Amino acid sequence: MGAVYVAFDGGKDKWAYAYMKGWKTNQRVDFDFEDAHDLDAMTGRAQNEQYVKSMLKERMKQSEALVVIVW
């Protein structure tokens, strides 16, 4: 499978995303995904709304699946 884009509320749900990343690295848990957030790095321009939107759109275009975390 290709990249997976994980959408979450950074203020409330970042803990759940951290769990997913932890499961991926835990050899006792059969869980793996190619994180679309690792495809490219945001730069210092991340404060610019248009820049952030364009980067997120590109990550989504490169992804084969979407996981939405809602808590």
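Residue positions are counted from 1 within each chain, in the order its sequence is given. pLDDT decides what is reported in this predicted model: residues at 70 or higher carry local features, side-chain atom pairs at 80 or more are listed and counted, and totals for whole chains, interfaces and linings draw on all residues regardless. Side-chain measures were taken over the full set of non-hydrogen atoms in the model, leaving aside hydrogen atoms and water.

Caption draft 1: Seen up close, the overall build of the chain. Counting its regular elements, the chain contains 2 helices and 3 strands. The secondary structure listing takes helices from DSSP runs of H or I that are at least 4 residues long and strands from runs of E that are at least 2 residues long, numbered from the N terminus. In sequence order, the chain lays out its α and β elements as β-α-β-α-β. Dimensions along the principal axes, computed over C-alpha positions, put the chain at roughly 40 × 25 × 20 Å. Burial analysis of the chain (71 residues in total) assigns 25% to the buried set. Expressed as a percentage of contacts within the chain between residues at least 6 apart in sequence, the contacts between residues at least 24 apart total 57%. As presented, the chain carries roughly 5,400 Å² of accessible surface, and 53% of it is formed by carbon and sulfur atoms. Side chains of the chain give 10 positive and 11 negative charges; the mean places of these two sets differ by 5 Å. Summary of the burial criterion: residues with accessible area below 20% of their type's maximum are buried, those above 50% are exposed, and those between are partly exposed, where the area comes from a 1.4 Å probe applied to protein chains only. Any two residues whose heavy atoms approach within 4.5 Å at even a single point are treated as in contact. Here, Shrake-Rupley sampling with a 1.4 Å probe gives the accessible areas, and only protein chains in the shown set may cover a residue. His is not counted here, nor are the chain ends, while Lys and Arg score as positive and Asp and Glu score as negative. The location of each charge is read from NZ of Lys, CZ of Arg, CG of Asp or CD of Glu.

Caption draft 2: Layout of helix 2 (residues 49-61). Taking 1.5 Å of rise per residue, 13 residues should cover 18 Å, and helix 2 covers 18 Å from first to last C-alpha, within 8% of that figure. Among the residues making up helix 2, those that are buried are Y51, M55 and R59. End-on view of helix 2: buried residues confined to an arc of 70°, all on one side of the axis. Exposed residues lying more than 90 degrees from the buried face of helix 2 are E49, Q50, K57 and K61. Tucked into the core, helix 2 has its buried residues touching strand 1 (3-7) and strand 3 (63-68). N or O atoms closer than or at 3.5 Å make up a polar contact, with two conditions inside protein: a donor-capable atom paired with an acceptor-capable one, and, for residues adjacent in sequence, both atoms drawn from side chains. Residue N48 occupies the N-cap position of helix 2, its side-chain oxygen lying 2.9 Å from the main-chain nitrogen of Q50. To estimate how far a helix should reach, multiply one less than its number of residues by 1.5 Å. Directions are taken from the helix axis to each C-beta atom, and the arc is the one they span.

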